[in-house]
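The primary structure of each chain is shown beneath.
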Amino acid sequence: MRISRTLFALLLCLVFAVPAHAAEKPPRFAIVLASFGSTDAKAQATQEAFVKAAQARYPDIPVYVGLTARLVQKKLKEQGKPATSIFRALADVADEGFTHVAVQSLQVIPGEEFEGVQQVAKAQEGLPKGLKRVSVGGPLIASNEDAASLASALLAALPKERKAEDTVIFVGHGSPHGVGGMIYPSLQWHVHQKDKNAFVGTVEGTPSLEETMAALPLVVKGKPAPKVWLVPLLAMAGEHARNDLFGDEPDSWKNIITKSGRECKALRIGLLDIPAVRNIWFAHLDEALAAVGAAPAKAKQ
Ligand code: CO
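Visitor: So what exactly am I meant to see when it comes to the packing of aromatic side chains here?
Guide: Each aromatic ring pair is specified by the distance between its two centres and by the angle formed by the two planes. A full pass over the atoms with the stated rule returns four aromatic pairs. When the centroid spacing of 6.1 Å and the interplanar angle of 70° are considered together, the rings of F50 and W281 count as edge-to-face. Here W281 lies in helix α11 (residues 275-291) and F50 lies in helix α2 (residues 41-57), a separation of 231 residues in the sequence. Look at F50 and you get buried, because its relative accessible area is 1%. By relative accessible area, which is 0% here, W281 ends up buried. Taken together through their ring pairs, the aromatic side chains of F50, Y58, W281 and F282 make up a single cluster.

In structure tokens form, the structure reads like this:
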């Protein structure tokens, strides 16, 4: 009797002791949005609005932001604004006890920035007391299907004042290295299928400013100046939009278009501002969440 009681006590100890060490704790999910970041107030508002929309879409999973651009982080710190790198953001969520994280790239194409996000995410997975699983949702244009959806979303986002005969140019960043840069000519094709007067250009890749200008319908002398709607194809309409597209320098897109005898109409919005474009990003985030085992979002779109 004595022995059995001791045995029972021992067993009881084992029953309570074992789970604390061996049993899997339930996963704790978090979302980390990987953004280039911006020092521009309008661009920051765009990013904040997107974070809010993401949090509304996934009410049960906290949403964090990690930045990829070093220079932006430096400038934000000088302004006393939050400037957490993507690496640190992932370390922070691990320290807070999250175990399964979906990183969503807010990049437009799978270029240099996106590759960096993938590497950082991989490095943070499986560290002792760190994140158990990390998955990365693809950039905005991660497939041919995305390019087709984006073309429709972009054209639908144009203001009512834009007439069918007006030219539209969507200007992205461009990527001179790697296959990511091929996405812009591909998007051009998709846009052109739906609207013969819509074009895609880039600041630092193909099609260039010169190549885009050469593709536009000719200006006919004696006729009113044709209108050209200039629209950023950038996650946020930050520095590149302000300087390269709409800047006062003689070589800005706005000034080159105006000098060519056309009337330039500026539409200063970011891709993250457009609800139909957000949904393409959210579809990628859904996939990233599913990859770490989170239940599908009770999406209210
Ligand atoms: Co740049």
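Now that the structure is up, let's keep going.
Visitor: Would you explain the sheet that holds strand β7 (residues 227-232) in this entry?
Guide: Whenever strands of a sheet pair, they do so through backbone hydrogen bonds, lying parallel or antiparallel. Strands sit in the order β6-β5-β7-β8 across an open sheet of four strands; the sheet is parallel. If you trace the sheet from one side to the other, it starts and ends with β6 (198-202) and β8 (263-266), each paired once. Across the sheet, the mean angle separating the axes of adjacent strands is 30° when strand polarity is ignored. Bridge count for β7 against β8 is four bridges, and the pairing is parallel. Within β8, the residue paired with K227 across the bridge is E263. Running over the sheet, helix α7 (residues 183-194) touches β5 (167-172) and β6 and is turned about 170° from β6.

Visitor: Whenever I open this one, unusual backbone geometry confuses me. Can you help?
Guide: For residues that are not glycine, phi is negative in most cases, and the peptide bond is trans in most cases. Residue T206 is joined to P207 through a cis peptide bond whose omega torsion reads -5°. Positionally, P207 belongs in the loop between β6 and α8 (209-215). Although it is not a glycine, K129 adopts a positive phi angle of roughly 60°. Mapped onto the fold, K129 is located in the loop between α5 (112-124) and β4 (133-137). Here K129 falls in the exposed class, since its relative accessible area comes to 82%.

Procedures and definitions
- Residues numbered from 1 in each chain as written.
- Predicted model: local features only at pLDDT ≥ 70, side-chain atom pairs only at ≥ 80, totals over all residues.
- Heavy atoms only, no water.
- Phe/Tyr/Trp six-rings, centres within 6.5 Å; stacked < 30°, edge-to-face > 60°.
- Helix = DSSP H or I, 4+ residues; strand = E, 2+ residues; numbered from the N terminus.
- Buried < 20%, exposed > 50% of the residue type's maximum accessible area, 1.4 Å probe, protein only.
- Pairing = 2+ DSSP bridges.
- Axes fitted to C-alpha atoms, helices over the stretch in contact; angles between N-to-C directions.
- Contact = heavy atoms within 4.5 Å.

Distances and angles like these do not, on their own, reveal function.
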